[in-house]
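Single-letter residue listing:
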Amino acid sequence: MKIFQSLIHHHSFKNLFRTGSITNKYLGKSSSNSLSKFSSGSTLFSHYRNSSRFSLNRFKGNNKPSILQSWKRAQSNRDPSKSIIYGIIGINSLILLGWQIADNWHFTYRDESLLKFMFENFTLGDHSYTHPHSFILAHLSHRSVIHFGINMFVLYSFGFSLISVMGAQSFLSLYIVSGLASGVASMLYKEYAYPSGYRVPPSLGASGCISGVVGTFATMFPFATVQVIFFPVPAWLAVGGFAMYDLFRCIKQSQHRIDSAGHLGGLVGGILFHLLRLRR
């Protein structure tokens, strides 16, 4: 008993349990093992208690992020290229659906009111002078599923690469400028290339914007390989070939269902926008 009190006087219980200073000489082997086990058990219990409190706090919602924090985290992790490309495709899809509804409504009920609304707001023609918003909306509008599919496929193929190089804001500006340039070129061509009184059908579709996107891509990466009807060719050759084809159609005044002047306007507008942007 005196020996045990002496040990207490020189050492704390904490040191005894941690270092096992109570040796077999004083307390025996079994006592030392018991103290070691008690120390280990206390440590495990303390860890379990702390982890249980942490889990309980999480269950109570103390560490649960708010809705605003979750939204900010999602915004910071969002890929801007996907938002822009899928956003453009989504808007074009909705307007395409509007055309399908208008066509079916006219076919079923012989009512042209919906078709008139679509033509006045989502096509580019003489009415655009009194409906200026159609200069933008016409480039988001497709009446044919095939026309829509081709344009959106090309946008999907080239858009992500350009956004990664230019940035989301510059790409969106490029897309809008190409569309406006396409609309101006189309209207000027219809005004001065055809004889007076000649009725030219209105234009619609994202082809002018796509021409600006593809033209900018070919300017930045002229020797990148692109597929044209399953044939790999350099980007500059593919874009140059389509430009020559559109120019030929404009000279021959054989536009009809294809607005070649709009294609060329979008192509030139997109390339000029990119070149002017480089000078900043």
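The model shown is predicted, which means the values in this text are computed figures rather than measured ones.

Q: Just to check I follow, could you spell out the overall build of the protein for this structure?
A: If you tally the helices and strands in the protein, you get twelve helices and two strands. Counting helices and strands in the order they occur from the N terminus, the protein gives α-α-α-α-α-α-α-α-α-α-β-β-α-α. Burial status across the protein gives 32% buried among its 280 residues. Across the protein, every contact between residues at least 6 apart in sequence was considered, and the portion connecting residues at least 24 apart equals 64%. Accessible area for the protein stands at about 18,400 Å²; split by element, carbon and sulfur atoms hold 64% of it.

Q: Teacher, can you tell me more about helix H9 (residues 168-192) here?
A: Over its 25 residues, H9 extends 37 Å from the first C-alpha to the last, a length consistent with the 36 Å expected when each residue adds 1.5 Å. Listing the buried residues of H9 in full gives Ser-170, Phe-171, Leu-174, Tyr-175, Ser-178, Gly-179, Ser-182, Gly-183, Ser-186, Met-187, Tyr-189 and Lys-190. Elements in contact with the buried residues of H9: helix H5 (80-109), helix H7 (134-137), helix H8 (145-166), helix H10 (207-220), helix H11 (235-252) and helix H12 (260-278).

Q: Please clarify how the nonpolar core should be interpreted in this entry.
A: Within soluble globular proteins, side chains that are nonpolar tend to cluster in buried spots. If you look at the biggest cluster of nonpolar residues, it comprises 35 residues, and the most contacted ones within it are Leu-155, Leu-162, Phe-171, Tyr-175 and Val-226. Every element with two or more residues in this core is listed here: H5, H8, H9, H10, H11 and H12. In terms of nonpolar packing, the next biggest core, distinct from the first, is built from seven residues, Ile-95, Ala-102, Met-118 and Leu-140 among them.

Q: Explain the pattern of salt bridges to me, please; I cannot follow it from the model alone.
A: For side chains of opposite charge, pairing can occur when their charged atoms come near one another. For the coordinates displayed, the defined rule picks out one salt bridge. The salt bridge partner of Asp-103 is Arg-143, with a shortest N-O separation of 2.7 Å. Here Asp-103, found in helix H5, pairs with Arg-143, found in the loop between H7 and H8; they are 40 residues apart in sequence, far enough to count as distant. Residue Arg-143 is classed as partly exposed on the basis of its relative accessible area of 35%.

Q: Teacher, can you tell me more about the packing of aromatic side chains here?
A: The description of an aromatic ring pair rests on the distance of the ring centres and on the angle between the ring planes. If you walk through the whole model with that rule in mind, you get nine aromatic pairs. Note on Tyr-86 and Phe-160: the rings are 6.1 Å apart at their centroids and 70° apart in plane angle, and the pair reads as edge-to-face. Remark: Phe-160 occurs in helix H8 and Tyr-86 occurs in helix H5; sequence separation between them is 74 residues. Assessed through its relative accessible area of 43%, Tyr-86 is described here as partly exposed. Three or more aromatic residues link up through ring pairs in this structure, and these residues are Tyr-86, Tyr-156 and Phe-160.

Q: Help me out: how do you make sense of H5 in this one?
A: Side chains that are three or four residues apart share a direction in an α-helix, a result of its 3.6 residues per turn. With 30 residues, H5 ought to run about 44 Å at 1.5 Å a step, and its terminal C-alpha atoms sit 43 Å apart, in line with that. Restricting attention to buried positions, one finds in H5 the residues Ser-81, Ile-84, Ile-85, Ile-88, Ile-89, Asn-92, Ile-95, Leu-96, Gly-98, Trp-99 and Ala-102. Close packing links the buried residues of H5 with helix H6 (113-122), H8 and H9. Looking at the residues trailing H5, positive phi occurs at Arg-110, about 55°.

Q: Would you explain the layout of surface pockets in this entry?
A: It is the rolling of a water-molecule-sized probe over the atoms that shows where space remains empty. One number sums up the size of the second largest pocket: a volume of about 380 Å³. Lining the second largest pocket are 17 residues, and of these Gly-125, Asp-126, Tyr-198, Arg-199 and Val-200 lie nearest its centre. Its residues assigned to classes, the lining of the second largest pocket shows nine nonpolar, four polar and four charged.

Q: So what exactly am I meant to see when it comes to the side chain of Lys-190 here?
A: Inspection of the secondary structure assignment puts Lys-190 in helix H9. Residues contacting Lys-190, with those up to four places away along its chain left out, are Leu-124, Val-200, Pro-201, Pro-202, Ser-203 and Asp-259.

Q: Help me understand the environment of Trp-99 in this model?
A: Within the secondary structure, Trp-99 is located in helix H5. Linking Trp-99 and Arg-143, residues 44 residues apart in sequence, is a C-alpha distance of 5.6 Å. Not counting residues up to four positions away in its chain, the partners in contact with Trp-99 are Leu-115, Met-118, Phe-119, Phe-122, Thr-123, Ser-141, His-142, Arg-143 and Leu-204.

Q: Looking at this structure, how should I read the pairing of strand E2 (residues 231-234)?
A: Here strand E1 (residues 225-228) pairs with E2 via four bridges, running antiparallel. Across the sheet, residue Thr-225 finds its bridge partner in E2, namely Pro-234. Counting the residues between successive antiparallel strands, the hairpin from E1 to E2 contains two residues, one of them, Ile-229, with a positive phi of roughly 50°.

Q: Is there a simple way to think about unusual backbone geometry in this case?
A: Most peptide bonds adopt trans geometry, and most residues besides glycine take a negative phi value. Phi at Arg-110 is positive, roughly 55°, even though this residue is not glycine. Its place among the elements puts Arg-110 in the loop between H5 and H6. One non-glycine residue with positive phi stands out, namely Ile-229, at about 50°. Structurally, the position occupied by Ile-229 is in the loop between E1 and E2.

Reading guide: rules and limits
- Residues numbered from 1 in each chain as written.
- Predicted model: local features only at pLDDT ≥ 70, side-chain atom pairs only at ≥ 80, totals over all residues.
- Heavy atoms only, no water.
- Helix = DSSP H or I, 4+ residues; strand = E, 2+ residues; numbered from the N terminus.
- Buried < 20%, exposed > 50% of the residue type's maximum accessible area, 1.4 Å probe, protein only.
- Contact = heavy atoms within 4.5 Å.
- Areas by Shrake-Rupley, 256 points an atom, 1.4 Å probe, with all protein chains shown as cover.
- Expected span 1.5 Å × (residues − 1).
- Core = buried A, V, L, I, M, F, W, Y, C linked by side-chain atoms within 4.5 Å.
- Salt bridge = Lys/Arg side-chain N within 4 Å of Asp/Glu carboxyl O.
- Phe/Tyr/Trp six-rings, centres within 6.5 Å; stacked < 30°, edge-to-face > 60°.
- 1 Å grid on protein atoms, 1.4 Å probe; cavity = no way out; pocket = protein on both sides within 12 Å on 5 of 7 lines; lining within 4 Å.
- Points joined across faces, edges and corners; volume = space filled by probe spheres on them.
- Nonpolar A, V, L, I, M, F, W, Y, C, P; charged D, E, K, R; others polar.
- Pairing = 2+ DSSP bridges.

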